[in-house]
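Now for the letters of each chain:
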Amino acid sequence: MDVIEGSIYDFPVYYDLVFGSDWSAEFHFLQAAFERHVAGGVKSTTKRPFRVLEPACGTGRLLFRMAKFGYHAAGMDLNTAAIEFCNKRLRRNKFPENAWVADMCDFQVDKPYDAAFNTINSFRHLSSEKLAEAHLNSMAAAVRSGGIYALGLHLTPRKGEQTDEESWSARRGHLVVNTLMWPRDKDRKKRVERFNMRFDVHQPSGSKRIEDCLVLRSYTATQFDRLISACPDWSIEAIYDFRYSIDDPIEIDDYTEDVVYILKRR
């Protein structure tokens, strides 16, 4: 098997298959969160499309489906290949090409959005508190007062074993991608975690392996609360877990790992 060392984000077809195959629960949760937590709700905007923004949108696995539902959906990402893939799919389905290349810590929009979402840990790619604050401040400028930002991430639990290794598979036609992610090393003091990630790609034409290393910043619940306190335009409206059940908000305890914070724009 050929082995390629490179960023998984540079292979949008495989990335989209792996992370886009299980979109339904997230999508319907976000719809429900818009209804419940955006001031005025979604129905109050009948004179114009409900506007949603996804920072670090990647291939637009959710963005595309938001557009199909009727939202005005837009997103940004630093990876050019992912943005090209996203816009090509939007164009193919006769939607505006609303994805652009930008740094999610330093961007501007022409008109504020009603809601934003970032649900699969991309926020943790921001390597410092300064960058995290810059991101939240840029998002505050991009979301209207009363709007929300649904932000999903893995917290570091205070007790118990942390769930570190994950594996899953996805198939589309004759294309199969088996994925494995496992920890390489962690520095709790510096709040840096590195994870090896592997795509094993199988097609009739042959197989190959793509190997990457993801570098993520860690957060305990206390550290995340402190970050939000430093960004006065945001408050924590509600917290959910990765069951994506809108009727079951959670209280964080010492064992909590997978969370979706609903941040409310003041």
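Just so it is clear, the structure is predicted and the values come from calculations on it, not from any experiment.

> When you look at the side chain of His135 in this model, what are you seeing that I'm missing?
With respect to the helices and strands, the residue His135 is situated in helix α5 (residues 129–142). Within the structure, His135 has its side chain in polar contact with the side chain of Tyr149 (distance 2.8 Å). Those residues within four positions of His135 in sequence are excluded, and the remaining contacts are Pro55, Met104, Cys105, Phe123, Leu126 and Tyr149.

> Any chance you could explain the packing of aromatic side chains here in plain terms?
Any aromatic ring pair is given by two values, namely how distant the centres are and how the planes are angled relative to each other. Enumeration over the complete set of coordinates arrives at 19 aromatic pairs. Aromatic pair Tyr9 and Tyr15: ring centres 5.4 Å apart, planes at 50°, arrangement tilted. The partly exposed category is assigned to Tyr9, whose relative accessible area is 26%. Taking 6.5 Å as the distance between ring centres and 65° as the angle between the ring planes, the aromatic pair formed by Phe64 and Phe95 counts as edge-to-face. Remark: Phe95 occurs in the loop between α4 (80–92) and β4 (99–101) and Phe64 occurs in helix α3 (residues 63–69); sequence separation between them is 31 residues. For Phe64, a relative accessible area of 10% translates into the label buried. In this structure Phe95 comes out as partly exposed when scored by relative accessible area, which is 23%. Positioned over the ring face of Tyr219 is Arg191, at 4.8 Å from the centre of the ring. Just above the ring of Tyr219 sits the side chain of Arg217; from NZ or CZ to the centre is 6.0 Å.

> Before we go on, may I ask you to explain the sheet that holds strand β8 (residues 175–187) in this structure?
Adjacent strands of a sheet pair through backbone hydrogen bonds, lying either parallel or antiparallel. Strand order across the open sheet formed by five strands is β1-β10-β9-β8-β7, with mixed pairing between neighbours. Since the sheet does not close on itself, it has two edges, and those belong to β1 (2–5) and β7 (166–172), each with one partner. The mean inter-strand angle of the sheet, taken between neighbouring strand axes irrespective of direction, is 20°. Bridge analysis of β8 against strand β9 (residues 192–203) gives eleven bridges, and the strand direction is antiparallel. Bridged to Thr179 within β9 is Phe199.

> Would you explain the nonpolar core in this entry?
Nonpolar side chains tend toward joint burial in soluble globular proteins. Judged by nonpolar contacts, the single largest core of 34 residues is most densely connected at Leu53, Phe123, Leu153, Phe224, Trp234, Tyr261 and Leu263. If you list the elements that add at least two residues to this core, you get β3 (72–77), β5 (113–118), α5, β6 (143–154), α6 (221–229), β11 (234–241) and β12 (258–265). Take this core: its biggest share by element is five residues, from α5. Other than its neighbours up to four places away in sequence, Trp234 contacts Leu136, Met139, Ala140, Val143, Ile148, Tyr149, Ile228, Leu263, Lys264, Arg265 and Arg266. Leu63, Leu90, Ala150 and Tyr244 belong to the second largest nonpolar core, which has 30 residues in total.

> Honestly, the pattern of salt bridges in this entry has me stumped. Any pointers?
Close approach of charged atoms allows side chains with opposite charge to pair. Under the definition given, this model contains 18 salt bridges. Salt-bridge contacts for Arg243 lead to Asp241; the nearest nitrogen and oxygen are separated by 3.0 Å. Using a relative accessible area of 53% as the deciding quantity, one classes Arg243 as exposed.

Calculation notes
- Residues numbered from 1 in each chain as written.
- Predicted model: local features only at pLDDT ≥ 70, side-chain atom pairs only at ≥ 80, totals over all residues.
- Heavy atoms only, no water.
- Helix = DSSP H or I, 4+ residues; strand = E, 2+ residues; numbered from the N terminus.
- Polar contact = N/O pair within 3.5 Å; in protein donor to acceptor, adjacent residues only side chain to side chain.
- Contact = heavy atoms within 4.5 Å.
- Phe/Tyr/Trp six-rings, centres within 6.5 Å; stacked < 30°, edge-to-face > 60°.
- Buried < 20%, exposed > 50% of the residue type's maximum accessible area, 1.4 Å probe, protein only.
- Lys NZ or Arg CZ within 6 Å of the ring centre and 35° of its normal.
- Pairing = 2+ DSSP bridges.
- Axes fitted to C-alpha atoms, helices over the stretch in contact; angles between N-to-C directions.
- Core = buried A, V, L, I, M, F, W, Y, C linked by side-chain atoms within 4.5 Å.
- Salt bridge = Lys/Arg side-chain N within 4 Å of Asp/Glu carboxyl O.

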